[in-house]
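One letter stands for each residue in the lines below.
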Amino acid sequence: CPGFDAIMKILPHRYPFLLVDRVVQYEQGKQAVGMKNVTINDNFFTGHFPTRPIMPGVLIVEALAQVGGIAMMDPDDPKENFFFGGIDGCKFRKPVVPGDTLMLKVALKKMNKRFGVAKMEAKAFVGEDLVCEAELTLYMGN
């Protein structure tokens, strides 16, 4: 599995927008499972919401997309980048709060290398509980 240095090599994101702490399963071009430790120190909690901190759903989807990028990109060829192309069928099932560990599971369903388009199934869990799911479309490019 790619360590943190490899994550930094593959993903262009940096603090405060790097939302993947660790990769625990990895098959390049097929699937990846990443983790995000959610802490009260995450900068979005000061405004979302001060009296009941909840991780914004769009950031959960962004974390899933980052894991999707790890799954689809070649760590030995980091010259390419990836961008969001679409989010379909997104559902938020439960709130994610400080102290939770997000398990981010992404599996490629279709990959068209010629056009640089990937469709993937993405699911986020806290423990056994499904907290978010979506079908993501990512585009490769420069």
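Residues numbered from 1 in each chain as written. Predicted model: local features only at pLDDT ≥ 70, side-chain atom pairs only at ≥ 80, totals over all residues. Heavy atoms only, no water.

Within the structure shown, the criterion is met by four salt bridges. Between K94 and D129 there is a salt bridge, with the nearest N and O atoms lying 3.5 Å from each other. Of this pair, K94 sits in the loop between β3 (81-92) and β4 (101-112) while D129 sits in strand β6 (residues 129-141), and the two are 35 residues apart along the sequence. For K94, a relative accessible area of 43% translates into the label partly exposed. The class of D129 is partly exposed, set by a relative accessible area of 35%. (Salt bridge = Lys/Arg side-chain N within 4 Å of Asp/Glu carboxyl O. Helix = DSSP H or I, 4+ residues; strand = E, 2+ residues; numbered from the N terminus. Buried < 20%, exposed > 50% of the residue type's maximum accessible area, 1.4 Å probe, protein only.)

Most of strand β2 (residues 31-37) is tucked away, with six of its seven residues classed as buried. Sheet topology note: the strand β1 (residues 22-27)/β2 ladder contains five bridges and is antiparallel. Looking across to β2, one finds that Y26 is bridged to A32. Taken together, β1 and the strand that follows it, β2, pair antiparallel across an intervening segment of three residues, in which G29 is found at a positive phi of about 80°. Bridge count for β2 against β4 is seven bridges, and the pairing is antiparallel. Bridge pairing in β4 places K36 opposite L102. (Pairing = 2+ DSSP bridges.)

Ranked by internal contacts, the top residues of the largest apolar core, which has 40 residues, are M55, L64, M72 and L102. The set of elements that each furnish at least two residues to this core consists of α1 (4-10), α2 (57-72), β4, β5 (117-126) and β6. A per-element tally of this core places α2 first, with ten residues. Setting aside residues up to four positions removed in sequence, L64 forms contacts with L104, K105, V106, A122, K123, A124, C132 and L136. (Core = buried A, V, L, I, M, F, W, Y, C linked by side-chain atoms within 4.5 Å. Contact = heavy atoms within 4.5 Å.)

Our focus in this paragraph is the environment of V24. Here V24 lies in strand β1. Remark: the alpha-carbon pair of V24 and I70, spanning 46 residues in sequence, is separated by 12 Å. Sequence-distant contacts of V24, defined by excluding residues within four places in its chain, comprise C1, V33, M35 and M103.

Attention now goes to the environment of V117. With respect to the helices, strands and loops of the structure, V117 is situated in strand β5. With a relative accessible area of 23%, V117 lands in the partly exposed category.

This part is about the layout of surface pockets. Roughly 150 Å³ of internal volume is contained in the largest pocket. Lining the largest pocket are F4, Y15, P16, L18, L19, V20, D21, K36, D42, N43 and F44. Grouping the constituent residues of the lining of the largest pocket by class yields seven nonpolar, one polar and three charged. (1 Å grid on protein atoms, 1.4 Å probe; cavity = no way out; pocket = protein on both sides within 12 Å on 5 of 7 lines; lining within 4 Å. Points joined across faces, edges and corners; volume = space filled by probe spheres on them. Nonpolar A, V, L, I, M, F, W, Y, C, P; charged D, E, K, R; others polar.)

This part is about the sheet that holds β3. A sheet is described by the order of its strands in space; here six strands give the open sequence β1-β2-β4-β5-β6-β3, paired in antiparallel fashion. In the strand order of this sheet, the two ends are held by β1 and β3, each with one partner. Averaged over all pairs of adjacent strands, the angle between strand axes in this sheet comes to 20°, irrespective of strand direction. In this sheet, β5 lies alongside β4 in antiparallel orientation, the contact comprising ten bridges. Note on β5: the bridge partner recorded for L104 is A124. (Axes fitted to C-alpha atoms, helices over the stretch in contact; angles between N-to-C directions.)

Interpretation note: all reported values are geometric properties and have no functional meaning in isolation.
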